Amino acid sequence: MKFSELGLSEDLLTAIEKHGYVEATPIQEQTIPLTLAGKDVIGQAQTGTGKTAAFGLPILEMIDTNSRDVQALIVSPTRELAIQTQEELFKLGRDKHVRVQAVFGGSDIRRQITNLNHGANIVVGTPGRLIDHINRGTIKLGNVKTLVLDEADEMLNMGFLEDIESILKAVPDKRQTLLFSATMPTAIKRIGVQFMTDPEHIQIAAKELTTDLVDQYYVRVRDNEKFDTLTRILDVQQPELAILFGRTKRRVDELTRGLELRGFKAAGIHGDLTQQKRSQVLKQFKAKEIEILVATDVAARGLDISGVTYVYNFDIPQDPESYVHRIGRTGRAGAHGNSVTFVTNAEMDYLKDIEKLTKKRMQPLKPPTREEAVAGRLSVASASVEAAVSAVDASLFAEAAEGLVEKYDAKTLAAALLSAVANVAEMDESFSLSHERPLPRKRSGFGGGRRDGGRQGGGNGRRGGYRGGDRRSGGDRSERGSRERRSYDRGSRTGSGDRSQRGQSGAPRRSSRDFVIRNND
Ligand SMILES: Nc1ncnc2c1ncn2[C@@H]1O[C@H](COP(=O)(O)OP(=O)(O)OP(=O)(O)O)[C@@H](O)[C@H]1O
C-alpha cells in the first residue's frame, strides 16, 4: 500500500519520499490509520519490518508544531536505540519542522536541558534519564498526547517496570498509548493492557516469529572449544559485517581481545563503556572500519545497521525472546542474513525453547576443520592481493620489485605475499576465555537425540526474577544481560561465506515484497 493512502499529509509524504520509502510495510499499513484515529495500539511484527516508522509517522502527523509542549513521549530500552529513533523521526519530520529530542544516560544532561528548554515536540528517552529529568522538573510531560513503549515487552519486563510506572505518573492518564515489539509474551501483554484503553492488537501474520530472511544455524561444541570453532567459522564464512553476542561484559571484552589476536577487526560494546566509547564503536562498525561488533544484549534490540549479514550467538540467550531480537539485527528491510548459535550439550534444552517460540528449526552447522579455515583465510588474502594489484601505483615500487623478481620466481613471490597477508600463524594464537557460570539446567535435563522443541514453563515461558541490566542511580539502565547468559551446538553443513560470494544453498532468497526502496542518489 502507498503511504498516500494512509491519511498522511503532504509534508510527511515528501519526507517519506526523500527517505526512499515507496510502499508501507504491513505493520505500517495496519497501524498508522488506527493511531491517527486515536486508538491505543499494540503493534507486533517481525524484526526489521519498519515498526519505528509505524508509530513514528502518525505521531509526527499529529504534532502541532505551533506548540512548544512535549506532545509525544517514546521510551526505549537502550541509549543507542533512543538515539536511532530520534534520528529516524527527525528525518521523517524534517519537512514539518518537528522538534525531536533524545534524552539518555552517559551524556551531558545540561545540553539536554538546554535543548528541552528550546521546545521539543517529541522526546525519545531511556527510562533512567527520563526519570532524572522528571525529578529535576526539566521535562514537562503534562501535555503528552501519545506515549510509546518501544520494545514494549522489554520495557514492561521486571527490570524496567518500576521505572515505567514512575514515568506513567508524569504523563496524563487521558492519553493514547502504543506498544511495539517483535515479541509480546502473553504475561507481558497482560501487564501492558493495564496501561491502555481498549487497545487494538495488530500482529502481522507470520508462520515464524523470526524473520524468514535469516538462515538460522546452530553449531554444537564443547565449552572449551567454542572460541577455536568461532574463529574457524569466521575464517570460512568471512562475514562483511557481523554482530557477536556474548553473555557478560567480561566475555565481550575477552572475545574482542581474542578476535583481535587472531587477526579479526573487532570491537566490543557493553554498558560499562562510556557513552562516548559506545558511540565511537558503533560509528566504526557502521563505517565498516571494524567487521565484528562484539556485544552484550545492549545491542540486541532495535539497532538498525545496514549490511549486517551474520549474527553469532557465542552465548545463547536465556530467554528465547532475546534470541528473536538478536538475530533480527540481520535480515532487515528485505535483506538476507544468517545466524549461528553455539550450543553445548548441557544447554540443548535452551535451543529447544527457542525453536518452540520461533516455530523454526535451526540448521545444524558442522564445525569447520582447520584446513577449511585456512582455505577461507587464503581466499580472503587472494582477494585483497588482487585488489591491491589493481590499485597499486607500480612506479612507486618498481626498483624494489625488480630486485625481488630477479631473486625469486613469480610463484614463490606470490606465495610469500599470500602468506604475509593471510598470516595463517595468527590463527593458532593461543587464547582462552574465562569460565562463565553455565545457564541453570532445565527441568528436563539434556535429553540429547531428536529435538522436539519442548518449551519449559508457563504460557509465556518467562522465568521469574529480574533478568539483568545494571541499574545505575540517576543514569539509565542501558543494558540487560549483566546476569548470566548462555550458549551451545553441532553440525552437518558449513554455512556459505560473504566475501567468497558462494551462493547460499537452496532456492535463491526471495526478496521481501514489504520493502521497495528507491535509491535517492
Ligand atoms: N516502508 C518502508 N520501506 C522501506 N524501508 C523501510 C520502510 N519502513 C522502514 N524501513 C527500513 O527498514 C529498516 C528496519 O526498520 P525498523 O528499525 O523500524 O524495524 P523494526 O521493525 O523496528 O525492527 P526491530 O524489531 O529490530 O526493532 C530500517 O532501515 C528502516 O529504514
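Definitions and cut-offs
All residue numbers refer to position in the chain's written sequence, counted from 1. With pLDDT at 70 or above as the cut-off, local features in this predicted model cover only qualifying residues; side-chain atom pairs require 80 or more to be listed or tallied, and sums for whole chains, interfaces and linings still use all residues. Neither water nor hydrogens contribute to the side-chain values; these are computed over all heavy atoms in the structure. For Phe, Tyr and Trp, rings pair up if their centres lie within 6.5 Å, where Trp contributes its six-membered ring, and each pair is then called stacked (planes under 30 degrees apart), edge-to-face (over 60) or tilted (otherwise). Numbering of helices and strands runs from the N terminus; a helix is a DSSP stretch of H or I covering at least four residues, while a strand is a stretch of E covering at least two. Buried, partly exposed and exposed residues are distinguished by accessible area as a fraction of the type maximum, computed with a 1.4 Å probe on protein chains only: under 20%, between the cut-offs, and over 50%, respectively. By definition here, charges over rings are those cases where NZ of Lys or CZ of Arg is within 6 Å of the ring centre and within 35 degrees of the ring normal. Patch membership needs two things, relative accessible area over 30% and no salt bridge, and members are linked within 9 Å if like-charged or within 5 Å if nonpolar (Val, Leu, Ile, Met, Phe, Trp, Tyr). Each accessible area is a Shrake-Rupley result for a 1.4 Å probe, and residues are judged covered by the shown protein chains and nothing else. By definition here, a salt bridge exists when the distance from a side-chain nitrogen of Lys or Arg to a carboxyl oxygen of Asp or Glu is within 4 Å. DSSP bridges decide pairing: two strands pair if at least two such bridges lie between them. Simply put, an axis is a line fit to the C-alpha atoms, just over the touching stretch for a helix, and the angle between two N-to-C directions goes from 0 to 180 degrees. With respect to orientation, any angle under 35 degrees is reported as roughly parallel, any angle over 145 as roughly antiparallel, any angle of 65 to 115 as roughly perpendicular, and every other angle as oblique. The sense of a crossing depends on the near helix, which, turned anticlockwise from the far helix by less than a right angle, makes the crossing left-handed and, turned clockwise, makes it right-handed. Whether two residues are in contact is decided by their heavy atoms, any of which lying within 4.5 Å being enough. In this classification, the charged set is Asp, Glu, Lys and Arg, the nonpolar set is Ala, Val, Leu, Ile, Met, Phe, Trp, Tyr, Cys and Pro, and all remaining amino acids, among them Gly, are polar. The arc under discussion is defined with respect to the helix axis, by the directions toward the C-beta atoms. Polar contacts here mean pairs of N or O atoms no more than 3.5 Å apart (in protein, one a potential hydrogen donor and the other a potential acceptor; neighbouring residues in sequence count only if both atoms are side-chain atoms). UniProt positions are given in the numbering used here, feature names are shortened, and annotations may be inferred rather than shown by experiment. By nonpolar core we mean a set of buried residues, namely Ala, Val, Leu, Ile, Met, Phe, Trp, Tyr and Cys, connected to one another through side-chain atoms within 4.5 Å. The criterion for a residue being near a molecule or strand is simple. One of its heavy atoms has to lie within 4 Å of it. The split of the chain into domains comes from an automatic or database domain assignment.

Looking at the packing of aromatic side chains
Within a pair of aromatic rings, the relevant descriptors are the distance that separates the centres and the angle that separates the planes.
Thought 1: A complete count under the given rule lists 5 aromatic pairs for this structure.
Thought 2: Measuring from ring centre to ring centre gives 5.0 Å for Phe227 and Phe431, while their planes differ by 50 degrees; the resulting arrangement is tilted. Within this pair, whereas Phe227 is found in helix H10 (residues 226–237), its partner Phe431 is found in the segment after helix H17 (410–422), the two being separated by 204 residues in sequence.
Thought 3: Each ring, one from Tyr310 and one from Tyr312, has its centre 5.6 Å from the other, and the planes form 5 degrees; the classification is stacked. The two residues Tyr310 and Tyr312 agree in class, both being buried.
Thought 4: Against the face of Phe314 rests Lys226, its NZ or CZ located 4.5 Å from the ring centre.
Thought 5: Positioned above the aromatic ring of Tyr350 is the side chain of Lys442, whose terminal nitrogen or guanidinium carbon lies 4.3 Å from the ring centre.

Observations concerning a nonpolar patch on the surface
Thought 1: There is a patch of nonpolar side chains on the surface, built from Val392, Leu396 and Phe397 and spanning about 320 Å² of accessible area.
Thought 2: Assignment of secondary structure puts Phe397 in helix H16 (residues 394–407).

A look at the sheet that holds strand E13 (residues 337–343)
Thought 1: Taking strand neighbours across the sheet as the criterion, the 7 strands line up as E10-E11-E9-E12-E13-E8-E14 in an open arrangement whose pairing is parallel. Edge positions in the open sheet fall to strand E10 (266–269) and strand E14 (363–364), since each of these has one partner strand only.
Thought 2: As judged from the 2 bridges shared by strand E8 (residues 214–220) and E14, these two strands associate in the parallel manner. Across the sheet, Tyr217 pairs through a bridge with Gln363, a residue of E14.

Brief notes about the packing of H10 against helix H11 (residues 249–261)
Thought 1: It is at 11 Å that the axes of H10 and H11 come closest, and there the two elements cross at 55 degrees. Relative to H11, the element H10 lies oblique. Crossing of H10 over H11 shows right-handed handedness. Two secondary-structure elements touch here, H10 through Lys226, Phe227, Leu230, Thr231 and Leu234 and H11 through Arg251, Leu255, Gly258 and Leu259.
Thought 2: Residues of the contact of H10 with H11, tallied by class, amount to 5 nonpolar, 2 polar and 2 charged.

Observations regarding helix H5 (residues 109–117)
Thought 1: Residues of H5 that are buried include every one of Ile109, Gln112, Ile113 and Leu116, and no others. The buried residues of H5 occupy one face: seen down the axis, they fall within an arc of 100 degrees. Of the exposed residues in H5, the ones pointing more than 90 degrees away from its buried face are Arg110 and Arg111.
Thought 2: Packing partners of the buried residues in H5 comprise strand E3 (100–103), strand E4 (122–125) and helix H6 (127–136).
Thought 3: Two to three positions downstream of the cap, the backbone nitrogen of Arg110 sits 2.8 Å from a side-chain oxygen, assigning the N-cap of H5 to Asp108.
Thought 4: Backbone geometry just downstream of H5 places Gly119 in the positive-phi region, at approximately 100 degrees.

Details of the side chain of Arg377
Thought 1: Here Arg377 lies in helix H15 (residues 370–391).
Thought 2: The class for Arg377 is buried, based on a relative accessible area of 8%.
Thought 3: Looking at Arg377, its side chain comes within polar contact range of the side chain of Glu426, at 2.9 Å.
Thought 4: In this view, Arg377 contacts Asp235, Arg262, Phe264, Ala422, Asn423, Val424, Glu426 and Met427; residues no more than four positions away in its chain are not counted.

Here's the deal with the UniProt feature "short sequence motif: Q motif" (unreviewed entry) in the protein chain
Thought 1: As annotated by UniProt and renumbered to match this structure, "short sequence motif: Q motif" (unreviewed entry) occupies residues 1–29.
Thought 2: When the span residues 1–29 is considered, its composition is 48% helix and 0% strand, and the gap between its end C-alpha atoms is 7 Å.

Some thoughts on the nonpolar core
Thought 1: Core analysis: the largest hydrophobic core is formed by 32 residues, its most contacted members being Phe3, Leu8, Leu57, Ile59, Ile74 and Ile122.
Thought 2: Residue assignment for this core shows that the elements contributing at least two residues are helix H1 (10–19), helix H2 (26–36), helix H3 (51–62), strand E2 (72–75), helix H4 (79–92), E4 and strand E6 (176–181).
Thought 3: Every residue in contact with Ile74, bar those within four places of it in the chain, is listed here: Phe55, Ile59, Thr85, Leu89, Ile122, Val123, Val124, Gly125, Val148 and Asp150.

Notes on the environment of Asp223
Thought 1: Relative to the assigned elements, Asp223 resides in the loop between E8 and H10.
Thought 2: The spatial distance from the C-alpha of Asp223 to the C-alpha of His435 is 8.7 Å, given a sequence separation of 212 residues.
Thought 3: Contact partners of Asp223, with chain neighbours within four places excluded, come to Thr344 and His435.

A few points about the site of the ligand
Thought 1: Near the ligand lie 20 residues; those nearest to it are Tyr21, Lys51, Asp304, Arg329 and Arg332.
Thought 2: Within the side chain of Tyr21, an N or O atom sits 2.6 Å from an oxygen atom of the ligand.
Thought 3: Alone, the ligand offers 640 Å² of accessible surface; in the complex the protein occludes 93% of this.
Thought 4: Partitioned by chemical class, the residues of the shell around the ligand number 5 nonpolar, 9 polar and 6 charged.
Thought 5: Both domains that furnish three or more residues to the shell around the ligand are identified here as domain 1 (3–206) and domain 2 (209–370).

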